[in-house]
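Listed below, chain by chain, are the residues.
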Amino acid sequence: MQLKDVHRTFTVGEVKVHVLRGINLEILARELLIIKGESGSGKSTLLNLIGGIDQPSQGFISFNNRDLTGLDEQEITRFRRDHIGFVFQFYNLVPTLTALENVATATEIAARPMEPAAALELVGLADRLHHFPSQLSGGEQQRVAVARALAKRPELMLCDEPTGALDQENTIMILELLQKINRETGTTIVMITHAPAMAQLANRTAIIADGVIAEIITTADPLPAGAVDWS
Ligand SMILES: Nc1ncnc2c1ncn2[C@@H]1O[C@H](COP(=O)(O)OP(=O)(O)O)[C@@H](O)[C@H]1O
Ligand SMILES: [Mg+2]
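A few words on the site of ligand 1. Around ligand 1 lies a shell formed by Phe-10, Val-12, Val-19, Glu-38, Ser-39, Gly-40, Ser-41, Gly-42, Lys-43, Ser-44 and Thr-45. In the environment of ligand 1, an oxygen atom lies 2.6 Å from a nitrogen or oxygen atom belonging to the side chain of Thr-45. Considered on its own, ligand 1 offers 560 Å² of accessible surface; in the complex 59% of this is hidden by protein. Broken down by secondary-structure element, the contributors of at least two residues to the shell around ligand 1 are strand 1 (2–12) and helix 1 (43–50). A per-element tally of the shell around ligand 1 places helix 1 first, with three residues.

Here is the structure:
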């Protein structure tokens, strides 16, 4: 995916907020890319543009050399459905559906999905298929959300602070799971974080500041999440 001179301005009442001011970024096939920046720096805004949830005010975004910025509502919905898996900070599970049914909400509309049970098995929840979200811990709920994204077999998984609501033990578990998915399935993953230690987890970390990509840090030998000093 390529982003060229991407801007996003929000207008609230009479105030214009120019959040993204010329983002240039390439997301490489099969990479795990971390996007880091202070709270309010525009990370979620950027991820929503990458995932086709939102459209830029100016600039170009292309995926496999296809320009996304000219697509109509129906085409962008299909792009999201066929290519993108989202994981959010607060899981966004449907409380009245079981783990299996939550995953099935995504696979029912996907082009080439896995079996929902297989996706839950991959995240280590084979014995929790019929539990409701309220019967699962935070870490388990997030694993269901990861399974839901993964079960579509998306080319690109977008994770917005996926461990923001978790304790350290569950943070490590989810991050190691995402690293494993990236490594073993080749799914491209873009993950937002504001934890400094996370820059060691990926080959590339893009720092967002003042509305632009201020720096890209490369790490030759990324660490598994369990080996990072979280203190
Ligand atoms: N839909 C929106 N309408 C108005 N302002 C928004 C909207 N979305 C985000 N913003 C503003 O854009 C800035 C960046 O927000 P966000 O991308 O959520 O930051 P981050 O994820 O880095 O914390 C914030 O000042 C936020 O208030
Ligand atoms: Mg955010």
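Looking now at the packing of aromatic side chains. The tally for this structure, following the rule as stated, stands at two aromatic pairs. Pairing Phe-63 with Phe-79 gives two aromatic rings, centres 5.4 Å apart and planes at 70°, and the pair type is edge-to-face. Taken together, the residues Phe-63 in strand 4 (residues 58–63) and Phe-79 in helix 2 (residues 73–83) connect sequence positions 16 residues apart. On the basis of relative accessible area, Phe-79 is assigned to the buried category, the value being 1%. The interplanar angle of 5° and the centroid separation of 5.6 Å between the aromatic rings of Phe-86 and Phe-88 together place this pair among those described as stacked. When its relative accessible area of 26% is taken as the criterion, Phe-88 is described as partly exposed.

Criteria and thresholds
Counting restarts for each chain: residues are numbered from 1 in the order of the written sequence. Following the order in which they are written, the chains are lettered starting with A and the ligands numbered starting with 1. Given that the model is predicted, a residue must reach a pLDDT of at least 70 before its local features are reported, and side-chain atom pairs must reach 80 or more before they are shown or counted; all residues, however, enter totals for whole chains, interfaces and linings. Note that water and hydrogens are dropped before the side-chain values are worked out from all heavy atoms of the structure. Neighbouring residues are identified by heavy atoms, a residue being near a molecule or strand if any of them is within 4 Å of it. Any N or O atom pair separated by 3.5 Å or less is treated as a polar contact, with the protein-specific requirement of one donor-capable and one acceptor-capable atom, and with residues adjacent in sequence counted only for side-chain atom pairs. Computed with a 1.4 Å probe, the accessible areas rest on the Shrake-Rupley method; for each residue, only the protein chains presented here act as cover. We count a stretch as a helix when DSSP gives it H or I for four or more residues in a row; a strand needs E for two or more, and each element gets its number in order from the N terminus. Within 6.5 Å between ring centres, the rings of Phe, Tyr and Trp (the latter by its six-membered ring) count as paired, and their orientation is classed by plane angle as stacked under 30 degrees, edge-to-face over 60, tilted in between. The buried label applies to any residue whose accessible area, calculated with a 1.4 Å probe on protein chains only, is under 20% of its type's maximum; exposed applies above 50%, and partly exposed to all values in between.

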